[in-house]
Amino acid sequence: MKVLVINCGSSSLKYQLIDSRSEEVLAAGLCERIGIDGRMTHTPSSGNTVVKNDPLPDHGAAIQAVLSALTDKAHGVISSLGEIGAVGHRLVHGGEKFAASVIINDEVIAEVEACNDLAPLHNPANLIGVRACRQIMPDVPMVGVFDTAFHQTMPPKAYLYGIPHQYYQEHKVRRYGFHGTSHNYVAKRVHHLAELDPDNSRVIVCHLGNGASVTAVKNGKSVDTSMGLTPLEGLIMGTRSGDLDPGVIEYIAKKEHLTLEEVLKVLNKESGVLGLSGVSSDFRDLTEAMEQGNEQAAVAVEAFCYRVAKHIGAYTAALNGVDAIVFTAGIGENAAHIRSMICDYLGFLGITIDEEKNAVRGKEAEISTPDSKVSVFVIPTNEELAIARETAALLGE
Ligand code: AMP
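Numbers given for residues are sequential positions, taken from 1 along each chain in its written order. Local features in this predicted model are restricted to residues whose pLDDT is 70 or higher, and side-chain atom pairs enter the listing and the counts only when it is 80 or higher, whereas totals over whole chains, interfaces and linings include all residues. The side-chain quantities take in all heavy atoms of the structure and omit both hydrogens and water.

Participant: Teacher, can you tell me more about the site of the ligand here?
Facilitator: When at least one non-hydrogen atom of a residue lies within 4 Å of a molecule or strand, that residue is treated as near it. Taken together, Gly-209, Asn-210, Asp-282, Phe-283, Arg-284, Ala-329, Gly-330, Ile-331, Asn-334, Ala-335 and Arg-361 make up the full set of residues near the ligand. One nitrogen or oxygen atom from the main chain of Asn-210 is found 2.9 Å from an oxygen atom belonging to the ligand. Pairs of N or O atoms within 3.5 Å make up the polar contacts considered here, provided that, within protein, one atom can donate a hydrogen while the other can accept it, and that residues adjacent in sequence are counted only when both atoms are side-chain atoms. Interatomic distance of 3.4 Å between a backbone N/O atom of Ile-331 and an oxygen atom of the ligand. For the ligand, the accessible surface in isolation is 500 Å², of which the surrounding protein chains cover 73%. Runs of E in the DSSP output that reach at least two residues are strands. Runs of H or I that reach at least four are helices, and both are numbered from the N terminus. Only α10 (283-291) and α12 (329-334) provide two or more residues apiece to the shell around the ligand. Among the elements that make up the shell around the ligand, the one with the highest residue count is α12 (four residues). As a working rule, the residues Ala, Val, Leu, Ile, Met, Phe, Trp, Tyr, Cys and Pro are called nonpolar, Asp, Glu, Lys and Arg charged, and the rest polar, with Gly in that last group. In the shell around the ligand, the residues fall into four nonpolar, four polar and three charged. Every accessible area reported is derived by Shrake-Rupley at a probe size of 1.4 Å, with residue values counting cover from the shown protein chains alone.

Participant: What exactly am I supposed to notice about the packing of aromatic side chains here?
Facilitator: Where two aromatic rings form a pair, the distance of their centres and the angle of their planes describe that pair. Centres within 6.5 Å make a pair out of two Phe, Tyr or Trp rings, where for Trp the six-membered ring is used; the pair is then stacked when the planes are under 30 degrees apart, edge-to-face when over 60, and tilted otherwise. Counted under the stated rule, the structure contains four aromatic pairs. Relative to Tyr-168, the ring of Tyr-159 has its centre 5.8 Å away and its plane inclined at 45°; by these criteria the two rings are tilted. Relative to Tyr-345, the ring of Tyr-306 has its centre 5.7 Å away and its plane inclined at 50°; by these criteria the two rings are tilted. One end of the pair, Tyr-306, is in helix α11 (residues 295-319); the other, Tyr-345, is in the loop between α13 (336-343) and β13 (365-366), with 39 residues separating them in the sequence. Owing to a relative accessible area of 38%, Tyr-345 belongs among the partly exposed residues under this scheme. The ring of Tyr-168 carries the charged tip of Lys-172 above its face, separated from the ring centre by 4.8 Å. A ring is scored as having a charge over it whenever the NZ atom of a lysine or the CZ atom of an arginine sits within 6 Å of its centre and within 35 degrees of its normal. Sitting above the plane of the Tyr-176 ring, Arg-174 keeps its charged end 4.7 Å from the centroid. Throughout, exposure labels follow a simple rule: accessible area from a 1.4 Å probe, protein chains only, divided by the maximum for the residue type, with under 20% read as buried, over 50% as exposed, and the rest as partly exposed.

Participant: Can you walk me through the nonpolar core in this structure?
Facilitator: One recurring pattern in soluble globular proteins: nonpolar side chains tend to sit buried together. In terms of nonpolar packing, the biggest core is built from 45 residues, with Leu-208 and Ile-325 touching the most fellow members. Elements represented by at least two residues in this core include exactly β9 (202-208), β10 (212-218), α10, α11, β12 (324-328), α13 and β14 (375-378). Here this core gets ten residues from one element, more than from any other, and that element is α11. Contact definition: two residues touch when any of their heavy atoms are within 4.5 Å. Apart from residues lying up to four places away in sequence, Leu-208 is in contact with Leu-235, Phe-304, Val-308, Phe-327, Thr-328, Ala-329, Gly-330, Ile-331, Gly-332 and Ile-342. Only buried residues count toward a nonpolar core. Its members are Ala, Val, Leu, Ile, Met, Phe, Trp, Tyr and Cys residues joined through side-chain atoms within 4.5 Å. Within the second largest apolar cluster, 38 residues are counted, among which are Leu-67, Ile-78, Ile-84 and Phe-98.

Participant: Quick question: what am I supposed to make of the sheet that holds β12 here?
Facilitator: One key point about sheets: their strands pair by backbone hydrogen bonds, in either a parallel or an antiparallel sense. A pair of strands is labelled paired if DSSP reports no fewer than 2 bridges between them. In space, the six strands of this open sheet follow the order β11-β10-β9-β12-β14-β13, with mixed pairing throughout. Looking at the sheet topology across the chains shown, the edges are occupied by β11 (221-225) and β13. Bridge count between β12 and β14: four bridges; the pairing is parallel. Bridge pairing in β14 places Val-326 opposite Phe-377.

Participant: Could you clarify how one ought to interpret the sheet that holds strand β1 (residues 2-8) in this entry?
Facilitator: Taken in spatial order, the eight strands line up as β5-β4-β3-β2-β1-β6-β8-β7 in an open sheet, and their pairing is mixed. Unpaired on one side and paired on the other, β5 (50-52) and β7 (102-103) mark the two borders of the sheet. Sheet analysis places strand β2 (residues 13-19) next to strand β3 (residues 25-32), joined by six bridges and oriented antiparallel. Its bridge partner being in β3, Lys-14 is matched across the sheet by Leu-30. Helix axes are fitted only over the stretch in contact, all axes being lines through C-alpha atoms; the angle between N-to-C directions runs from 0 to 180 degrees. Across the sheet, helix α1 (residues 59-71) touches β1, β2, β3, β4 (39-44) and β6 (84-91), and the angle it forms with β2 is around 35°.

Participant: Got a minute to help me understand α1 in this structure?
Facilitator: An α-helix turns once per 3.6 residues; consequently, residues spaced three or four apart project the same way. By this rule, a helix spans an expected 1.5 Å times one less than how many residues it contains. Compared with an ideal rise of 1.5 Å per residue, which puts 13 residues at 18 Å, α1 spans 18 Å between its outermost C-alpha atoms and is within 8% of the ideal. All of the buried residues in α1 are His-59, Ala-62, Ile-63, Ala-65, Val-66, Leu-67, Ala-69 and Leu-70. For α1, the elements touching its buried residues are β1, β2, β3, β4, β6 and α3 (123-136). Sitting at the amino-terminal end of α1 is Asp-58, which places a side-chain oxygen 3.2 Å from the backbone nitrogen of Gly-60.

Participant: In this structure, what is going on with helix α2 (residues 106-113)? I would like to understand it.
Facilitator: Among all positions in α2, only Val-108, Ile-109 and Val-112 are buried. Buried residues along α2 cover an arc of 100° about the axis, so they all sit on one side. In α2, the exposed positions that point more than 90 degrees away from the buried face belong to Asp-106 and Glu-107. In this structure Asn-105 caps α2, since a side-chain oxygen of it lies 3.1 Å from the backbone nitrogen of Glu-107. The directions from the helix axis to the C-beta atoms form the arc being described.

Participant: Looking at this structure, I do not really get the pairing of strand β8 (residues 142-146). What am I missing?
Facilitator: The side chains of a regular strand alternate between both faces of the sheet. Counting buried residues in β8 gives five out of five residues, a clear majority hidden from the surface. Residues Met-142, Gly-144 and Phe-146 point to one face of β8 and Val-143 and Val-145 to the other, with burial holding for every one of them. Judged from the five bridges that link them, β6 and β8 form a sheet pairing that is parallel. Counterpart to His-89 in the pairing with β8 is Gly-144. Relative to β8, β7 runs antiparallel, the two being bridged by two bridges. From the neighbouring strand, Val-102 faces β8, where its bridge partner is Gly-144.

What follows is the structure, encoded as structure tokens:
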């Protein structure tokens, strides 16, 4: 089955057409600046990237542009839309309602909409993509794959905040976690690569990208993760602060004469390694700045690594030991020195890294030495493939 995987944001739409049997990516692309002006890049598997600057006034127009590109005579990869067997949508927040992927129908849309308050930036944008696809391809089955679903196995002791229980009962204020599709995919890969028994294994997955989170995976199930009600909790990220004393919010608001919304914007968009360094949210820029002697960049990177290491320590306790640690996503897959700096804290677990093996970028590899007490891996994540697999599986393919 050919599955169109859609990841729809407020002004962008990423897509891949994947053959679910061969797992080949037939085409991939990105529509950007939707509702502003419009820019599209489309890359067929066997050809060069095509860039188009046609207007994309709304998401419906973007989906139309994607379907035209996929069936285009020159750079298309299918002869008619009838070849698309299903659409798999990335959906960010499924609240407590969705512990697994679902076939999308009117009821599911209403239930996802009910979670909009929990992810006001993401869920409405995801649903715009769902609605646009349903309108244009009413007979094609669609599946929703949630970022939060994998973490629904967390026990109450991990997902409850230490606040009055009525806030959980009445408003569902709790920790949900994100990046679940990635954590699940990578955990399954490490079971295979490390020859672990999936039903008797303790894995810590470090998804380190612009957004970053660490998950403790016991017997294939998420038992704790660093993000919370929103993706702001946990690690220091590209632009997000991660954990802080909630008292900081009121203090900054008073000192800087900011509203609550303005402080949260600072914590989401102007903090993390960007805010700490004053240089960039991108680890390539930070590394360059560090090499040129920029001390603030160095402290930002140290704080990032230290926070990751502390979470690994905490999750080793949560799992009562650890069999394998995995690094994935932009930083985790590419930045050897960051992996190295994090693992430097883990000598107490008997972890040693082979720096030659650690020089790997964007490929599956074991980077620990043979005598390391815990195996450490780099595993590139592949959320699109995971969504295509889930979609095909739910539709009985
Ligand atoms: P992601 O959100 O998973 O796409 O990761 C994006 C982040 O990965 C970027 O902001 C960079 O900080 C980081 N990154 C990507 N490539 C490299 C690289 N070669 N070296 C260091 N960091 C990288």
